[in-house]
Amino acid sequence: MSNRDYVFSRTRKQIDEEKTIMLFEATEHPSAPETKDNVRVTEFTQYFLTKKLTEESAEYFMICGYDLKGNIPSLVMNWAIGKGIPSFLSKLLQACQSYTKEKK
């Protein structure tokens, strides 16, 4: 299995005072050419919606889709589903909680 790399653009739109949407899409950039050491992910789209509930809480939604260009071994997929994604969400929660404390 080869390492993947991503080059993407980010667009942010403030819907109203409580809601923000962020869109990430695969793109090309002259200062980030493909290399032989990695597989470039060229089909990648990710949406985030954050919705402020109170001064202390928010909802966070994420939708993403991408083509990793190849088969991912089931061992890796099982790890990602069982540990990788839950770990990411836990770290995201901790970062949000730390951010809230720092803002006070």
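For the structure, see preceding data.
Let me sum up the structure you'll find in this document.

About the criteria used
Residues numbered from 1 in each chain as written. Predicted model: local features only at pLDDT ≥ 70, side-chain atom pairs only at ≥ 80, totals over all residues. Heavy atoms only, no water. Salt bridge = Lys/Arg side-chain N within 4 Å of Asp/Glu carboxyl O. Helix = DSSP H or I, 4+ residues; strand = E, 2+ residues; numbered from the N terminus. Buried < 20%, exposed > 50% of the residue type's maximum accessible area, 1.4 Å probe, protein only. Pairing = 2+ DSSP bridges. Axes fitted to C-alpha atoms, helices over the stretch in contact; angles between N-to-C directions. Phe/Tyr/Trp six-rings, centres within 6.5 Å; stacked < 30°, edge-to-face > 60°.

Regarding the pattern of salt bridges
Under the definition given, this model contains three salt bridges. Ionic pairing is found between D5 and R40, a salt bridge with its closest N-O pair at 2.8 Å. With D5 in strand β1 (residues 4–6) and R40 in strand β4 (residues 39–41), this pair connects stretches of sequence that are 35 residues apart. On the basis of relative accessibility, which here comes to 19%, the residue D5 falls in the buried class. In this structure, the salt-bridge partner of E55 is K52, at a minimum N-O distance of 2.7 Å. Given a relative accessible area of 63%, E55 falls into the exposed group.

A few points about the sheet that holds strand β3 (residues 19–26)
Judged by pairing direction, the sheet is antiparallel, and its four strands sit side by side in the order β2-β3-β5-β6 without closing on themselves. Whereas interior strands pair on both sides, the edge strands pair on one side only; in this sheet they are β2 (8–14) and β6 (58–67). Between one strand axis and the next, the sheet turns through 10° on average, direction left out of account. Here β3 runs beside strand β5 (residues 43–52); their pairing, made up of seven bridges, is antiparallel. Looking across to β5, one finds that K19 is bridged to K51.

Points about the packing of aromatic side chains
Scanning the model with the defined rule gives seven aromatic pairs in all. On the basis of an interplanar angle of 85° and a centroid distance of 6.5 Å, the ring pair of Y6 and Y66 is categorised as edge-to-face. Placement of Y6 in strand β1 and of Y66 in strand β6 is noted, with a sequence separation of 60 residues between them. Judged by relative accessible area, which is 35%, Y6 ranks as partly exposed. Classification of Y66 as partly exposed rests on a relative accessible area of 43%. Ring centres of F44 and Y66 lie 5.9 Å apart, and the angle between their planes is 45°; on these two criteria the pair is classed as tilted.

Function cannot be read off these values alone, since they describe shape.
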